[in-house]
Structure formats: C-alpha cells, structure tokens
Amino acid sequence: QVQLVESGGGLVQPGGSLRLSCAASGTIFSIDTMGWYRQAPGKQRELVATITSGGSTNYADAVKDRFTISRDNPKNTVYLQMNSLKPEDTAVYYCSYREYKYNMNYWGKGTLVTVSS
C-alpha cells in the first residue's frame, strides 16, 4: 500500500505561481512513476505531468513551458511548480503513484487550486 499526501494548493491571481508537493509513504518501489492529474468542475480527470524514478518527464500540452514537475527520490516526494497560472488551471489537483511490480496505481485525496482575480 502507498499513501499520498498533497499540499500547496490555494487561491492565486492570474499570472501567479504555486508549488504543489506530494509525499508518498508505505511500500515504495525503486521503479515507479509519480505524477499530477487535475479535475475541473464538470470535466474528466486529465493528465498534467508525470515523472519516472529515472527522471523522465511528460507534460500535457496545456501546461508545457509553464509547469515543471520534479521529484526528490530519497524523500519520496514529487513537486509541481506552476507558473503563469490561468483561470482555466482551476481544478482539484491529484497526486498519483504507479508501481510496475504489481501494476498498482494510487491516488491522493487532492488539493484545490483556484486561479481568480
């Protein structure tokens, strides 16, 4: 089992920045992928960014050049630096952890990001 705890959400004005953090605990595997997804009201959950244990990253087109995902492997923590935020970035952001030995995927409870003036 893996537990994920997100932090860092909040209210920010358009053009502002926020940094999300997600700490994983429990049975952590050496080969895994951590990531961020988001779900806006009335919409399906969508990929924001992922990062493998080896450091390979993947971004949704909507956030490329504005968001940066990173991880601290010894701390089992993944970060999402969000710059130049737009109202359309408003959503609940979920942390995810995927391991490949048992092919399991885990989710955090989510943290709300609101971009509004």
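Up top is the structure these notes are about.
Residues numbered from 1 in each chain as written. Predicted model: local features only at pLDDT ≥ 70, side-chain atom pairs only at ≥ 80, totals over all residues. Heavy atoms only, no water.

### Comments concerning the sheet that holds strand β3 (residues 18–26)
Step number 1: As summarised here, the arrangement of the four strands in space is β1-β3-β8-β7, forming an open sheet in which the pairing is antiparallel. Of all the strands in the sheet, the pair left with one neighbour each is β1 (2–7) and β7 (67–72). Averaged over neighbouring strand pairs, the angle between their axes works out to 15 degrees when direction is ignored.
Step number 2: Sheet topology note: the β3/strand β8 (residues 77–82) ladder contains six bridges and is antiparallel. Note that in β8 the partner of R19 across the bridge is Q81. (Pairing = 2+ DSSP bridges. Helix = DSSP H or I, 4+ residues; strand = E, 2+ residues; numbered from the N terminus. Axes fitted to C-alpha atoms, helices over the stretch in contact; angles between N-to-C directions.)

### Observations concerning the state of the cysteines
Step number 1: Taken as a whole and judged by the stated rule, the model has one disulfide.
Step number 2: With its sulfur 2.1 Å from that of its partner, C22 forms a disulfide with C95. In this structure the cystine formed by C22 and C95 twists about its S-S bond by roughly -85 degrees; its chirality is therefore left-handed. Of this pair, C22 sits in strand β3 while C95 is found in strand β9 (residues 91–99), placing the two residues 73 residues apart along the sequence. (Disulfide = S-S within 2.5 Å.)

### Topic: the pairing of strand β5 (residues 46–52)
Two faces belong to every sheet, and in a regular strand the side chains alternate between them.
Step number 1: With six bridges joining them, strand β4 (residues 32–39) and β5 adopt antiparallel strand pairing. Following the sheet pairing, Y37 is matched in β5 by L47.
Step number 2: Joining the antiparallel neighbours β4 and β5 is a turn of six residues, in which G42 adopts a positive phi near 80 degrees.
Step number 3: Strand direction decides the pairing type here: β5 and strand β6 (residues 57–59), joined by three bridges, are antiparallel. The residue of β6 that forms the bridge with T50 is N58.

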